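What follows is each chain in one-letter form.
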Amino acid sequence: MTQLIRQGLNGSKPQQRMWRVHDMKDSYDVVIIGGGAHGLAAAYYLAKHHGITNVAVLEKRYIGHGGSGRNTTIIRSNYLTPEGVLFYDESVKLYQELSQDLNFNVMFSQRGHLTLAHTDSAVRTMRWRAEVNQLQGVDSRLVYPDELAKICPQLDLSDHPRYPIMGALFHPPGGIIRHDAVVWGYARGADERGVHIHQMTEVTGIDVQQGKVAGVQTDRGYIKTGVVLNATAGWCTLIADMAGVRLPITTHPLQACVSEPLKPFLDVVIVSGSLHVYVSQSDRGELVMGASVDPYQSYSMDSTLDFMEGLSGHVLELLPMLSKVKILRQWAGVCDMTPDYSPVMGLTPVEGFLVDVGWGTWGFKASPVSGKRMAEMIATNKTPDLIAPFRLSRFYEDALVGEKGAASVGH
Ligand code: PYC
């Protein structure tokens, strides 16, 4: 800060930019489509772990313009399936080291995560999740109102609400992070190692010849490449269509909002599947709140009054003392929903066309692990065990990874 003020006063040159602008080359070893946390993480780990640096990340707008800059920053690994728990656990561990790894503060606050249960069947699901989590070595347990009152005294634990709280899954390693910092940190780390980040560069076609990727057409010219990674989340089916690959994915808007800043009072993340809400307090004091995806398919990133009214009513059932708090802003992103609420990662029928998609409302928290494992897959040409359950072919093999019970809210 002092340095910034000094530079402002004496007119000296600003610090070096965090990532540079390059001319686009005619050819790259790997082209990653999508400059969100997933695409940038894959580029970073390709360069850092595998020495593959002739890589382009193509982003049609600015980096982090999609889900990475629009999510509600929750990190957790308290999933329902063993496959999901192991996968997200690696992500939490990578997030724990990320500030040091990137030499950039991503402000990961492991303040604990509560998934509330308001019905007998929700208590049963929380117990089930706790058992699966513990078997995989992940810290999660079922807590009842007496303990909940100590963890989060602000909650209305009385029998006044329509759906009184009966218990919760408590996951101490869960928390929140600064999502933009994750994007910027990965971008800087990838750029430092030689990756080219091309913003405002839209992919308009994928050149497939004899079943193999041969190149990518963009609005700035043609790039020759043998490997394309589709990391475009809500827009992933549009990109896959260009390669002739069909994905079992539909795109839905997901809305969120923040309140005016309040003095710090909430030091845990609260989620209620039955009420379809999640709330946390950011380091700036704003309450960050969201709900489930909109119940219609759309690429619209407009926000609606309907969402705001529904969300407010549900948040007030949990935290009635917020009734006078004002909303500062609201926004929307688009989510690539899969039938089993798990991602789709790895090979497709087109050689050289890989996917890191199907991230629905659970994608940001997987950025490090998906980046690391997709980079490993590109470098070794082998599917890492950790992501094998998420292969595209599971939809033809009757091997779905049913994760709906652990999606943060009811969809
Ligand atoms: O899965 O934790 C989650 C989540 C939070 C917001 C949307 N999804």
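Residues numbered from 1 in each chain as written. Predicted model: local features only at pLDDT ≥ 70, side-chain atom pairs only at ≥ 80, totals over all residues. Heavy atoms only, no water.

## Observations regarding the packing of helix 3 (residues 82-102) against helix 9 (residues 367-380)
Here comes step 1: Here helix 3 crosses helix 9 at 100°, and the two axes come no closer than 7 Å. By the angle between their directions, the pair helix 3 and helix 9 is classed as roughly perpendicular. Side by side, helix 3 and helix 9 meet where F87, E90, S91, L94 and Y95 of the first sit next to S367, P368, V369, S370, K372 and R373 of the second. (Axes fitted to C-alpha atoms, helices over the stretch in contact; angles between N-to-C directions. Helix = DSSP H or I, 4+ residues; strand = E, 2+ residues; numbered from the N terminus. Parallel < 35°, antiparallel > 145°, perpendicular 65-115°, else oblique. Contact = heavy atoms within 4.5 Å.)

## Comments concerning the domain arrangement of the protein chain
By convention, interface size is frequently given as the accessible area that disappears when the constituent parts associate.
Here comes step 1: What the domain assignment reports for the protein chain is domain 1 (25-108 + 174-246 + 339-411), domain 2 (113-172) and domain 3 (250-337).
Here comes step 2: A C-alpha centroid distance of 20 Å is found between domain 2 and domain 3.
Here comes step 3: On the domain 3 side, the residues contacting the 14 residues of domain 2 number 17 residues.
Here comes step 4: Roughly 1,300 Å² of surface becomes buried between domain 2 and domain 3 when both sides are summed, with 60% attributable to carbon and sulfur atoms.
Here comes step 5: Summed over the shared surface of domain 2 and domain 3, the number is one salt bridge.
Here comes step 6: Across the pair E317 and R162 runs a salt bridge whose closest N-O atoms are separated by 2.5 Å. (Domains from an automatic or database assignment. Buried area = accessible area lost by both parts, 1.4 Å probe. Salt bridge = Lys/Arg side-chain N within 4 Å of Asp/Glu carboxyl O.)

## So, the sheet that holds strand 12 (residues 228-230)
Here comes step 1: With mixed pairing, the six strands of this open sheet are ordered in space as 8-2-1-12-19-18. This sheet does not close on itself; its edge strands, each paired only once, are strand 8 (196-198) and strand 18 (344-346). With direction set aside, neighbouring strand axes in the sheet form an average angle of 20°.
Here comes step 2: Pairing of strand 2 (residues 55-58) with strand 8 involves three bridges; the strand directions are parallel. Across the sheet, residue V57 finds its bridge partner in strand 8, namely I197. (Pairing = 2+ DSSP bridges.)

## Topic: the nonpolar core
Here comes step 1: Formed by 70 residues in total, the largest nonpolar core has its most connected members in I32, F87, V182 and Y186.
Here comes step 2: When residues of this core are assigned to their parent elements, the largest contribution, nine residues, is made by helix 2 (residues 37-50).
Here comes step 3: Each of domain 1 (25-108 + 174-246 + 339-411) and domain 3 (250-337) gives at least three residues to this core.
Here comes step 4: Those residues within four positions of Y186 in sequence are excluded, and the remaining contacts are A37, L40, A41, Y44, Y45, L98, L102 and P368.
Here comes step 5: Among the nonpolar cores identified, the runner-up in size contains 27 residues, and I165, C257, V268 and L287 belong to it. (Core = buried A, V, L, I, M, F, W, Y, C linked by side-chain atoms within 4.5 Å. Buried < 20%, exposed > 50% of the residue type's maximum accessible area, 1.4 Å probe, protein only.)

## Considerations on the packing of helix 3 against helix 6 (residues 179-192)
Here comes step 1: With their axes 10 Å apart at the nearest point, helix 3 and helix 6 run at an angle of 45° to one another. Considered as vectors, helix 3 and helix 6 are oriented oblique to each other. Crossing angle aside, the handedness with which helix 3 passes helix 6 is left-handed. Contact with helix 3, carried on its side by Y95, L98 and L102, involves V182, G185, Y186 and R188 of helix 6 and no other residues of that element.
Here comes step 2: Residues belonging to the contact of helix 3 with helix 6 are distributed by class as follows: five nonpolar, one polar and one charged. (Left-handed = near helix turned anticlockwise from the far one by under 90°. Nonpolar A, V, L, I, M, F, W, Y, C, P; charged D, E, K, R; others polar.)

## Remarks on the sheet that holds strand 13 (residues 250-259)
Here comes step 1: Strand order in this open sheet of eight strands is 5-6-4-14-15-16-13-17, and the pairing throughout is mixed. Where the open sheet ends on each side, the last strands, each with one partner, are strand 5 (141-143) and strand 17 (327-337). Across the sheet, the mean angle from the axis of one strand to that of its neighbour is 20°, orientation sign disregarded.
Here comes step 2: Bridge analysis of strand 13 against strand 16 (residues 287-290) gives three bridges, and the strand direction is antiparallel. Its bridge partner being in strand 16, V258 is matched across the sheet by V288.

## A closer look at the side chain of S370
Here comes step 1: The residue S370 is located in helix 9 in this model.
Here comes step 2: The class for S370 is buried, based on a relative accessible area of 0%.
Here comes step 3: Apart from residues lying up to four places away in sequence, S370 is in contact with H38, F87, M345, D356 and W359.

## Structural notes on the state of the cysteines
Note on terminology: disulfide describes a covalent bond linking the sulfur atoms of two cysteines.
Here comes step 1: In the structure shown here, the tally under the stated rule is zero disulfides.
Here comes step 2: Here C236 stays unpaired: no disulfide links it, and the sulfur of C335, its closest cysteine neighbor, is 11 Å away.
Here comes step 3: By relative accessible area, C335 is classed as buried at 5%. (Disulfide = S-S within 2.5 Å.)

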